[in-house]
Amino acid sequence: MSIRNGLKWSVSALVALTLAACSSAPAASSTQTSSTAVSEPVKVLAPTGAPALATLGLGDLAEVDYVDGQDLLVSELSKTDSEYDLIVAPINLGVKTWKESQSYQLDSVLTWGNLYIASQDENWNEAGKTIAVFGEKAVPGMVFNSLYPDVQATVEYYPSVVEASAALLSQKADSALLAQPAAAGALAKGKESGMELSLVSDLQALWSESHESEHKGYPQAALFVKKDQADQYEAALDAMRTYLDSATPETIEADVEAKVDQLGVPNAKIASATWEQQNLHMVKASEVETEIADFLSLFGIEIPEGIIVE
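Residues numbered from 1 in each chain as written. Predicted model: local features only at pLDDT ≥ 70, side-chain atom pairs only at ≥ 80, totals over all residues. Heavy atoms only, no water.

Examining the sheet that holds strand 6 (residues 115-119)
- Taken in spatial order, the five strands line up as 8-7-9-6-10 in an open sheet, and their pairing is mixed. The open sheet has two edge strands with one neighbour each: strand 8 (154-158) and strand 10 (198-202). In this sheet, adjacent strand axes meet at a mean angle of 30 degrees when their direction is disregarded.
- Looking at chain direction, strand 6 and strand 10 are connected through four bridges and run antiparallel. Pairing of Y116 across the sheet is with D202, part of strand 10.
- Contacting strand 6, strand 7 (130-134), strand 8 and strand 9 (175-179), helix 5 (residues 161-169) runs over the sheet at an angle of about 145 degrees to strand 9. (Pairing = 2+ DSSP bridges. Helix = DSSP H or I, 4+ residues; strand = E, 2+ residues; numbered from the N terminus. Axes fitted to C-alpha atoms, helices over the stretch in contact; angles between N-to-C directions. Contact = heavy atoms within 4.5 Å.)

Observations regarding the packing of aromatic side chains
- One pass over the full model with this rule turns up six aromatic pairs.
- When the ring of W124 is compared with that of Y148, the centres are 5.2 Å apart and the planes differ by 80 degrees; the resulting orientation is edge-to-face. Pair noted here: W124 is in the loop between strand 6 and strand 7 and Y148 is in the loop between helix 4 (139-147) and strand 8, with a separation of 24 residues, a long-range link.
- Its relative accessible area of 5% is what places W124 among the buried residues.
- Ring centres 5.6 Å apart and planes at 70 degrees place the aromatic pair F295 and F299 in the edge-to-face group.
- F295 gets classed as buried once you look at its relative accessible area, which sits at 0%.
- F299 sits in the partly exposed class, given a relative accessible area of 23%. (Phe/Tyr/Trp six-rings, centres within 6.5 Å; stacked < 30°, edge-to-face > 60°. Buried < 20%, exposed > 50% of the residue type's maximum accessible area, 1.4 Å probe, protein only.)

Looking at the side chain of S213
- By secondary structure assignment, the location of S213 is in the loop between helix 7 (203-211) and strand 11 (221-226).
- The exposure class assigned to S213 is buried, which follows from its relative accessible area of 16%.
- Polar side-chain contacts of S213 include one of 3.4 Å to the side chain of E291.
- With sequence-adjacent residues up to four places away left out, S213 is seen in contact with S208 and E291. (Polar contact = N/O pair within 3.5 Å; in protein donor to acceptor, adjacent residues only side chain to side chain.)

Quick look at the nonpolar core
- With 61 residues, the main nonpolar core has I91, L106, V143, F144 and L178 as its most contacted residues.
- Among all residues touching L106, those that are not within four sequence positions of it are I91, A222, L223, F224, A285, I292, I307, I308 and V309.
- Among the nonpolar cores identified, the runner-up in size contains 36 residues, and V42, A62, Y233 and Y243 belong to it. (Core = buried A, V, L, I, M, F, W, Y, C linked by side-chain atoms within 4.5 Å.)

Things to note about helix 13 (residues 289-296)
- Of all the residues in helix 13, the buried ones are E291, I292, F295 and L296. Down the axis of helix 13, the smallest arc covering the buried residues is 130 degrees, so these residues share one side.
- Contact partners of the buried residues in helix 13: helix 3 (91-101), strand 5 (104-111), helix 4 and helix 7. (Arc of directions from axis to C-beta.)

A few points about the packing of helix 5 against helix 6 (residues 182-192)
- At a closest axis distance of 10 Å, the pairing of helix 5 and helix 6 adopts a crossing angle of 25 degrees. Comparing the axis directions of helix 5 and helix 6 gives the class roughly parallel. Here helix 5 and helix 6 pass one another in a crossing that is right-handed. In this structure, helix 5 uses V161, S165 and L169 to contact helix 6, whose residues at the interface are A182, A186, K189 and G190.
- Tallied by class, the residues present in the contact of helix 5 with helix 6 amount to four nonpolar, two polar and one charged. (Parallel < 35°, antiparallel > 145°, perpendicular 65-115°, else oblique. Left-handed = near helix turned anticlockwise from the far one by under 90°. Nonpolar A, V, L, I, M, F, W, Y, C, P; charged D, E, K, R; others polar.)

None of the figures reported here should be taken as evidence of function without further support.
Next comes the structure, spelled out in structure tokens:
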């Protein structure tokens, strides 16, 4: 599979574009607006990047705080008196906090993975070649290892997608594991210097084949709601689902353009161009328990009793 476009943006901006990138500093909050006013909007906390795009359909139904990193997500999920009604978080993170407070239940899966291998060579997985991989003990590295247990290329781990991309672009590595939309940025940057990079492996497709899942990819980011209160947020949940079901690259570009600085993406064009490959689909957790269990097994986690909204 190949993606080539003229998008130009610096490699340093790539860190804001992947689920795996994290820091502890919370970003400023923003209030969603639409033509329909709501007297008491729900409070939502979401990480920047691809998961943030899942909140675009909320409008005046919610006030959304976007955060860069996982520290605040962990803190709020662990509280028994958090101000947030809904929290978007990596599914493994939210499930782990259930043991501490049992404050938030798992309502829906929002994102289904966005990992791809970029290279100039389709035969990247051969002895003597090197692949740059990020997130050694996090989702990227663990998904990669589960799908390539007998990898032939030499694996070199990097702290983030920024370093992995830089290794590929500087030709210190023959290929790299990257996340969309960072992968599209790397391809564009490579083209500037004469590198004909393409996406030679879609890890979401490989995961679905390996686990015989009808859903492409693995349940990565999810929506957690206050325990036993999901019915109170039905309007907001319906708005999120409707938006994701009907969104097109054109509508995404317009909506992202209006709040690009808050969402943690460098520009609206890259968000829209990679929309399909960011793999956002809102599915009730109760409908995909098998998929969730398979993914959580990577972390040695089982689905706790009572955590899934029925």
